[in-house]
Amino acid sequence: MSERPRFDGFECAPGLRLEAHERVAGLQIAGLTDRLERIEALIERLERRLWLTVYGVVATVLAQAFEGLLRVAP
């Protein structure tokens with residue numbers, strides 16, 4: 001049985017185009033990942049602000065209720 005001849009690899013236009021497309025896709029994915037991380041950080045900060053607002057409203061309501069109790073029973 002004879003062995004098949006081996007050819008050296010060569011670069012052709014379709015192969016180069018595919019490689020360029022893979023590089024562009026990689027850059028796009030990296031950009032999307034970066035944007036997603038920034039959006040997640042923004043959502044975290046927004047969530048903290050929301051909880052701070054909720055706690056502030058609850059504290060105000062409780063303070064007003066406590067003040068009402070103090071006025072009724074001196």
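Residues numbered from 1 in each chain as written. Predicted model: local features only at pLDDT ≥ 70, side-chain atom pairs only at ≥ 80, totals over all residues. Heavy atoms only, no water.

- Going by an unreviewed UniProt entry, the protein carries the name Gene transfer agent protein and comes from Pseudoprimorskyibacter insulae.

## Some points on the pattern of salt bridges
Working step 1: The final tally for this structure, using the stated rule, is four salt bridges.
Working step 2: A salt bridge links E44 to R48; the shortest N-O distance between them is 3.4 Å. Here R48 and E44 lie together in helix α1 (residues 13–72), a separation of four residues that amounts to about one turn.
Working step 3: E44 gets classed as partly exposed once you look at its relative accessible area, which sits at 45%. (Salt bridge = Lys/Arg side-chain N within 4 Å of Asp/Glu carboxyl O. Helix = DSSP H or I, 4+ residues; strand = E, 2+ residues; numbered from the N terminus. Buried < 20%, exposed > 50% of the residue type's maximum accessible area, 1.4 Å probe, protein only.)

## Thoughts on a nonpolar patch on the surface
Working step 1: A cluster of nonpolar side chains, L50, W51, V54, Y55, V58 and L62, forms an exposed patch at the surface whose accessible area comes to about 630 Å².
Working step 2: Along the chain, the position of V54 falls in helix α1.
Working step 3: With a relative accessible area of 34%, V54 lands in the partly exposed category. (Patch = residues over 30% accessible without salt bridge, like charges linked within 9 Å, V, L, I, M, F, W, Y side chains within 5 Å. Areas by Shrake-Rupley, 256 points an atom, 1.4 Å probe, with all protein chains shown as cover.)

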